[in-house]
Structures are given as C-alpha cells and as structure tokens.
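Residues per chain, in single letters:
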Number of protein chains: 2
Amino acid sequence: MNEIKDITKRDVDFAKWYTDVVTKANLVDYSSVKGSMIICPYGYAIWEQMQNVLDRMFKETGHENVQMPMFIPESLLNVEKDHVAGFAPEVAWVTHGGKDKLEERLCVRPTSEVLFCDYYKKIIKSYRDLPKLYNQWCTIVRWEKATRPFLRSREILWQEGHTMHATSKEALEETIKMLHVYEDFQKNYLAIPVLVGKKTDKEKFAGAEASYSLEAMMYDGVALQNGTSHYFGNGFAKAFGIEFLNKENKLETPYQTSWGVTTRMIGALIMVHGDDHGLVIPPKIAPTKVVIIPIGTTSEVEEATNNLIATLKANDISYKVDNSNKTPGYKFADAEVKGYPARIEIGPRDLSEGLVTIVRRDTLEKVRVPKDEIVSSLTTIFDNMQHDMYEKALKRRDSMIYDAKTYEEFTEIATTKPGFIKTNWCGDVACENKIKDDFSMKSRCLIEDEEITGPCVCCGKTAKYRLYFGRQY
Amino acid sequence: MNEIKDITKRDVDFAKWYTDVVTKANLVDYSSVKGSMIICPYGYAIWEQMQNVLDRMFKETGHENVQMPMFIPESLLNVEKDHVAGFAPEVAWVTHGGKDKLEERLCVRPTSEVLFCDYYKKIIKSYRDLPKLYNQWCTIVRWEKATRPFLRSREILWQEGHTMHATSKEALEETIKMLHVYEDFQKNYLAIPVLVGKKTDKEKFAGAEASYSLEAMMYDGVALQNGTSHYFGNGFAKAFGIEFLNKENKLETPYQTSWGVTTRMIGALIMVHGDDHGLVIPPKIAPTKVVIIPIGTTSEVEEATNNLIATLKANDISYKVDNSNKTPGYKFADAEVKGYPARIEIGPRDLSEGLVTIVRRDTLEKVRVPKDEIVSSLTTIFDNMQHDMYEKALKRRDSMIYDAKTYEEFTEIATTKPGFIKTNWCGDVACENKIKDDFSMKSRCLIEDEEITGPCVCCGKTAKYRLYFGRQY
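Caption draft 1: Examining the overall build of chain A more closely. A tally of regular secondary structure across chain A gives 14 helices and 23 strands. Each principal axis of the C-alpha distribution contributes one length, and for chain A these read about 80 × 60 × 50 Å. When burial is assessed residue by residue, chain A has 50% of its 473 residues classed as buried. Sequence separation of at least 24 residues holds for 68% of the intrachain contacts in chain A that already meet a minimum separation of 6.

Caption draft 2: Geometry of the sheet that holds strand S5 (residues 92–97) of chain A. Reading across the sheet, the six strands line up as S4(A)-S6(A)-S5(A)-S5(B)-S6(B)-S4(B) and stay open at both edges, with antiparallel pairing between neighbours. Of all strands in the sheet, those with a lone pairing partner are strand S4 (71–73) of chain A together with strand S4 (71–73) of chain B, marking the two edges. Across the sheet, the mean angle from the axis of one strand to that of its neighbour is 45°, orientation sign disregarded. Strand direction decides the pairing type here: S4 of chain A and strand S6 (residues 100–108) of chain A, joined by three bridges, are antiparallel. Looking at S6 of chain A, one finds that Ile72 of chain A is bridged to Cys107 of chain A.

Caption draft 3: Main features of the pairing of strand S7 (residues 132–141) of chain B. As paired strands, strand S3 (residues 64–65) of chain B and S7 of chain B are joined by two bridges and run parallel to one another. Note on S7 of chain B: the bridge partner recorded for Glu64 of chain B is Tyr134 of chain B.

Caption draft 4: Local environment of the interface of chain B and chain A. Opposite the 39 residues of chain B that make contact, chain A presents 39 residues. Here the element with the most residues in the side of chain B that touches chain A is strand S5 (residues 92–97) of chain B; it accounts for six residues. Classifying every residue of the side of chain B that touches chain A gives 21 nonpolar, 10 polar and eight charged. In this structure, S5 of chain A lies alongside S5 of chain B, joined through five bridges in antiparallel fashion. Bridging across to S5 of chain B, Val94 of chain A finds its partner in Val94 of chain B.

Caption draft 5: A look at the sheet that holds strand S16 (residues 319–321) of chain A. All names here are of chain A. Taking strand neighbours across the sheet as the criterion, the five strands line up as S16-S15-S17-S18-S19 in an open arrangement whose pairing is mixed. At either margin of the open sheet sits one strand with a lone partner, and together these are S16 and strand S19 (366–370). Looking at each pair of strands side by side, their axes are set apart by 25° on average, direction ignored. Relative to S19, strand S18 (residues 355–360) is paired through five bridges, and the arrangement is antiparallel. Within S19, the position partnered with Thr357 by the bridge is Arg368. Along the sheet, helix H12 (residues 374–399) contacts strand S15 (290–294), strand S17 (342–346), S18 and S19; its crossing angle with S18, the most-contacted strand, is approximately 10°.

Caption draft 6: How the structure looks around the relation of the copies chain B and chain A. With an axial shift of 0.0 Å and an RMSD of 0.0 Å, the rotation relating chain B to chain A amounts to 180°. Such a combination of turn and shift is consistent with a two-fold rotation axis. When C-alpha distances to the rotation axis are compared across chain B, the minimum falls at Val94 of chain B, with a value of 2.1 Å. Both copies contact each other with a shared surface, as 97% of the interface residues of chain B are interface residues in chain A too.

Caption draft 7: Structural detail: the pairing of strand S14 (residues 255–262) of chain A. Residue and element names in this part refer to chain A. Burial within S14 is extensive, with eight of its eight residues counted as buried. On S14, burial covers both faces: Tyr255, Thr257, Trp259 and Val261 on one face and Gln256, Ser258, Gly260 and Thr262 on the other are all buried. Where strand S8 (residues 155–165) and S14 come together, eight bridges link them in antiparallel fashion. Pairing of Gln159 across the sheet is with Val261, part of S14. Here strand S11 (residues 223–233) runs beside S14; their pairing, made up of five bridges, is antiparallel. Opposite Tyr231, over in S14, you have Thr257 as the bridge partner.

Caption draft 8: Local environment of the environment of Gln256 of chain B. Residue and element names in this part refer to chain B. Among the secondary structure elements, Gln256 is positioned in strand S14 (residues 255–262). In this structure the C-alpha to C-alpha distance between Gln256 and Phe240, which are 16 residues apart in sequence, comes to 12 Å. Setting aside its immediate chain neighbours within four residues, Gln256 contacts Thr163, Met164, Ala171, Phe232, Asn234, Phe236 and Ala237.

Caption draft 9: Structural detail: the environment of Lys199 of chain A. Residue and element names in this part refer to chain A. With respect to the secondary-structure elements, Lys199 resides in the loop between strand S9 (194–198) and strand S10 (210–217). On the neighbour-count criterion, Lys199 (22 C-beta atoms within 10 Å) is buried. Not counting the four nearest positions on each side in its chain, Lys199 is found in contact with Lys204, Ser211, Tyr212, Ser213 and Cys445.

What counts, and at which threshold
- Residues numbered from 1 in each chain as written.
- Chains lettered and ligands numbered in written order.
- Predicted model: local features only at pLDDT ≥ 70, side-chain atom pairs only at ≥ 80, totals over all residues.
- Helix = DSSP H or I, 4+ residues; strand = E, 2+ residues; numbered from the N terminus.
- Buried ≥ 20, exposed ≤ 12 C-beta atoms within 10 Å, placed from the backbone.
- Contact = placed C-beta atoms within 7 Å.
- Pairing = 2+ DSSP bridges.
- Axes fitted to C-alpha atoms, helices over the stretch in contact; angles between N-to-C directions.
- Nonpolar A, V, L, I, M, F, W, Y, C, P; charged D, E, K, R; others polar.
- Least-squares fit on C-alpha atoms with pLDDT ≥ 70 in both.

In structure tokens, the structure reads:
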C-alpha cells in the first residue's frame, strides 16, 4: 500500500483526488473484468448502511420487497417501443446456455419495468389488487464504454421500486412521495443538499411520461444525478395489456411508477464531503462511528481501551480498534482517509489526567475529555457534525448556483465558473440542445416553485419554466 | 385465486402438495422467463429473515461482506481445470454488449472462486494480510434444464464465503467452523435436523480437496443438500499464483475455503414442516409471527384490535392484521397456508369474557386467554413451538434412517422404504456407483463419529467409512 498521506490535493486535480480517495480508503478495487469493480468491505459496509435506512423508509411507506428474474427475453424488452430504443444499445446479451445456443437471446436486466409489467399483468385483476407497491434490491447491467468507480459502471447495485395504481392521481402522488423519501434520506442521512424537480422531455427516462430527479452538486461544481422517480401514465400497462375491473365492474388500465437509487450515492458522499485528508462520512450513515487508537501498550492504556469498548457497546455506538503494528501517525492518517466521524486516542499522558483525546473528522478539531464524559461528548460531536456538514455543503452549493438572464450572461458564467446556471426557458428543445452543444451542459431539472424572471435565456421568446443547467458525471 | 383449501394432500402427491403450497402461500410465482422464478413478498420476507440471522452470525465470526463482479471472462474460468470442467457445461454466456460482439465471452458467475482468487492474488502479499474472511450475498446462474421453485432454478439467491489462510490447518478449521454455523442456524432457527459430514470424492465440489455438506431429510424421505463448506487446499491458489511472505520472509501459497447456502433452505423449510393446511414457519425465522383476525366490526373488536397492535409493537412481536373483505373461515385458512406461528381471533363473544383466542399453527391447538396475558401466552407458544417442531422433525427423520449391512438388506430397504440408508463402505467409487445405478441413490455424506459395524455393504471388502445414501432433490 502506498503511503496514505499521498492523496492528490482536491483543488489540484479533482478527478485524481477522487480516485486516490476511493482506493486509499479501500472502498473499491479494480477487477480484471473490464468495466466491473470490486466493492471492498468498507465500501460495501457504507452501502449496507444506506440499504438499511432506505429499506426501513420503503417499508414504512407500505412497500414490499420481491425478486424478479435477472434476464429479459428480447421479445419482452421489445414490447414498449420507447423503452427498447433507449436501452437496447447498452445491454449485455446472453446467447448460450452451456453448449446450446438459446432460441431467443436474453439481456441481463438494465432495469426491470418490463419484468414487473409482465408479472403485474398476471396478478392484477381487480381494483382490490391495487395498489401494488413492490421494490427490489439487485444488480443491473448497462454496457458502458468508460467507467469510474461508483459513478459509471457496467454493473450497478441499486434498488428499483415499481408500483401500479388505480388512478393517475395516485400514481403521480407515489412518484412525488418517493422523490421526497429520497430527498429526506439524502438531506438527513447523507447530509447532501439536492435540487428536486422534473426532467425535461429530452432528458426523461425511456418510456416515461415524466421523470423527476435529485440533482446534487459535487465539490467541483459538477452535477450528479443522485436518484430518479418516474411516472409512466398507463403507457406500459397498455402495451402489456394490463387491465383491472373497477368498482363499477368495468375494465380499466392501471397507472405506473418506478424509482431508484444506486451505489452512485457513495460517489456523491465522497465528492460532496471529502477533503485533502480523505473521506468524511456523516455520523448517521457511517458504518463505523468511532475508531479507537491506543497509544502504547501499557496496562493503563489497555484497561482504558477495554472500558471504552464496553461503554461504546452498551451505548450502541459502532467502533473499531486499530491494533495494527503501525505508528500512531499512520493510524491517524488512516482514520482520516476512511472518514470515521470520530477517533479516540488513548495515551498514557491523557490517562494520567483521567482524559482521552477525541478528534472530530470534519473539522479535525481535538478535544480532551474526561473518560466518563466520552459518550455525551460523542453524542454532541455527532449531532453537530451531521448538522454542520449539511450546512457547509449547502452553502458551497448555493454559492455556485448562478442566474443567467441572457445568452451573454450564460456564456460568461458557463465559460468561467463551475456550478449550476438557472435560467428562464421557453420549453423548446432547440434551446436546450443549443446550450448542450455550446457548453456541454445538460439541463438538470425544472424547478416548479421558482418564479419566471424574464424571457427564454436562449431564444428570447416567452419563458414557461425555470430550468437549471450543469455539467454532469 | 383458487380456494386456499384446495391443497393436494401431502400423503397423496407430495410433489403436487409442494407446488400447491409454494403458490397458495404466495412464496413464488412463475415468470415468462424460462427457468427463472419470481420471489413474491412473503417468500422474500422469509429470505430476508434468513439473511439477517446468518449475516449476523458471519459478522460475529469475523467475516466481512464484499461485492465481486457478476461476470467471469472465459480465460479466468479456465484457470483451474477441475473447476471449469465442472461448471462450463452449465453456465450462461454473454457474447454481446449492445451491438458489439465481445472479444472474449463472459459467463454469468455460477460461483465465484476464480473471481475471489483473482482478487486475492492482488491483495495478499504478506502473512499480515491473512486471513481474508470475505462473504458476498448475490445471485448466481446455472443453466439447469428442469427447474422447481427454490429447489432447482437457473437463478439462485445465495451467499458465498471465500476465505484465505496462512496454513492448511487454519483453512480446515474455517471449513468446519462455517459448517457448524450453518448447522446451528438450521437446527436452532429453521428447526431442521441435519446430518453434517464429508462428501465422497465423487460428490465433492469441482476443484475442492474436500467438501462438507448439511443433509436434511424432507417429509417424503428424500434428501435435500442444504448447504456446503469446501476446503480447497492450495490448489486454486497455486493455479492463480497467489503467494505471501511468511514471518521468515519466505514465499508460501495460502490455503482456501468457500461455503454457501441458498434460497433452497426455503424449500427445506416447506418440505420438513409443512402439512395439509400449508406452511408451518418456526417462530424464530417467521417474518410475521402473529396474524390478527378481527371477527366482526363492532367498536369493542376494533378497540381490542388496536390495543393488541400497540401491545405487540411494544413487545417487538411482528404481526399483520387481516382486514380484508373475506369471511373469517377464509382468513383462518389463509393464516394456515401462510404458516404464521400464531393467529389471534378477536371476536365479540370472547371479548365479553375479556378473552381472545390464540391458535398455534403447528398443532392448530386453540387457547382462550385473558387479554392482558396475550404476550406471555405468545412467548410460551413460540418457545414450545420452536422446540416441538425440531423434535418432531428429528423423530420423523430418525425413524426413516435405516442400517443396511448387506446388499440384500440395502436392496430390500431401498425398494420398499423412503429415507436414508446408512452403510459401511470400503471407499471404492465402484461400490458407490453401483448403488447409484441400481437404486438412483447418491451418497449423502461420511459420518466420521459413527463406528464401522461390518464389511463394505457392496463388495464385502474391509470398510473404512460410514456412508449415508439417499435419493435427493
């Protein structure tokens, strides 16, 4: 292993900093399977934390987990035309089972709308069968050319919710409800501020009537789409012939949603909160909240360490003890690169005064606290850290959102400043395309509760929307 | 949905009974993807319970979760010769990504030994890097021709532990330790008695030096291999060129294990404990321990239901309320087919005496208990049920294990009685093959702590082992 301290400075080369952090914190490793990454124990533990919290939130909102097949026969993928057009170019095709050529080739699911529709057709017969509120945790495959750990990969770990409803109103409500579940999670657990809004028609999901997204801004001002929630109307349901008898005993077609988040959120966590020392994990999502670093091996240090372990266990605070044969300096650096919210140094000098040293990761602030006040100190540190990390990220993000009223202003900002640009937009895809072509900036999302402040930033015609632009991962 | 009561009698047609139970209890459904099943919410909830308990056990024994790629390049699968010979005939091959033909085809992992070895080669350099104790939860694919829900499927949900150790002794200890973790889980949570022992060379895993298995007996006397733990020696490690510097600074090759259990365990749960009314789920693994069935809609019933819900919540007892528009008779039958450990009937007649009725699923025994004694009654019921289910399964299994000293005895038993036959065996695969050919009975496992009681059951030569035979799923 290279020296932990050898992390490229964040402001010098952000891309290299990112790669250094994910590898030195042991989140992922490269495999000899092109385009696929290995998620190492610490990276996977973060994903497990995310899964635990989200899974509870999904269940509390009435959703149930299922597991659908991972293969989609080509004919099934072909049922909905927009959908297949969007996904067929990027799927992996299975053509042989053992030595035999398959009669029909199968793709590895890139997403599971058609599998759920195929199933829903079978089990939805009456209004009493609705709503169906299913979710699955699984791996999907999209045949990406260029990949980056957590951000773009051929294999993606995610969850996908797929629901069916008797009315379009209910389905739309579900779409928005799950968008806000994600927002709640990202804000209150990941400490990441997100813009939530509707995608333009150009950027919506293949086959959806409306797509909503959560757009986070990374430290470098670049956007990361950090979750989506789609409203399908009854387009898929019609294509699949799904019908139910309503209360008046008449046949109707149900309305559908889907929503998903992926291990990309780990990428966002790194790029929003990380610093020159490595990761910084918000306490509410950290798989290990405290690392204990005993300094020296005296019996006092050992006893204090054992007492602390007992105290942390009793208070249900997750911890690790670094008993490796490294120097304290190495251990401190390792604790920092891993982003544990707090490290506790137990050394003879502190102990002789009845104290230990706690270092808070985001600020690297040190406090010396009496041994019997460790738990209350940690509680305060975790609360403050969770709060401050969100506020800091929010402040930075807001300072990098610009308002452009004219194309000149847009050009000036887009060519000199990283970040998002908010605009007034007429709704014409030609204007959206022009900005994309001129500046490589895609539209992020429409923000409905912002007032329109002038004509279209591009063509000067009457504006109908407030639209955000930004470069993206 | 067909009438719930329409379950084929278990003693009339066991195979049909099984299919009726898995579909009527809504554990799985058939998909239009040939060979793949849909795991429905209730089936998946049982799997989640199994995952939760096992994952805790794995972590308590020092293991960490990771996630490896799901694809294996053909050249990587080919590295270990026995392994590829065993698996190549039954893998799914990906040959195209989008429109492009791949330079090298990839199989969807049928198991991940080679992926872990490829990774371990990269990260194991010194004795300080050992042991590596990794596990992953994932889906694997084996291109089976004939499939049955939970028992044989093209897609299998499972966990696979893969560990590396400095010495063969440590690796063997790990192999046996995890075998006993599984035994503990199956005995104490699933209430399933298992034989644990070594597989014969003929039946061991492709590439392993020794395979150990857990062999459960289903109600019909047929065996279900319900988990395996393999010792690889350093064969794979040598084939992959994995080496580490030992304490004396000399290069050595490490020793390897792998171990796994799958959703098959749900099949075992059904076929060991189920009865003519449907599933019977042991309380310690049941995702829903109690179903509440309000009878009528009087305000007393409603109030008692709400109070009971509050009590169960406060005592952390999982529950469901059946408020559907079905008759009480239908609800009782549904509760039975789903195998909830207890159902509580709340009706006006009982309530007028301050009572509710609790029905224990395995015995269908009814007790009327005072409202304020529900929790203590449930606790007793669950304890007794967990204990009794294991004892009942053990008694039945033991009554169907026969001892055959001669080939005549073996023939007599094998052709007239379902169950396992224990034998003395010389160790020659010819004898093992003869029994397989004559009776379609495969060897289950060698039981090391049983005394040899005579010559080989087949050839009459000196016996070296006690070997169990049985037909299998």
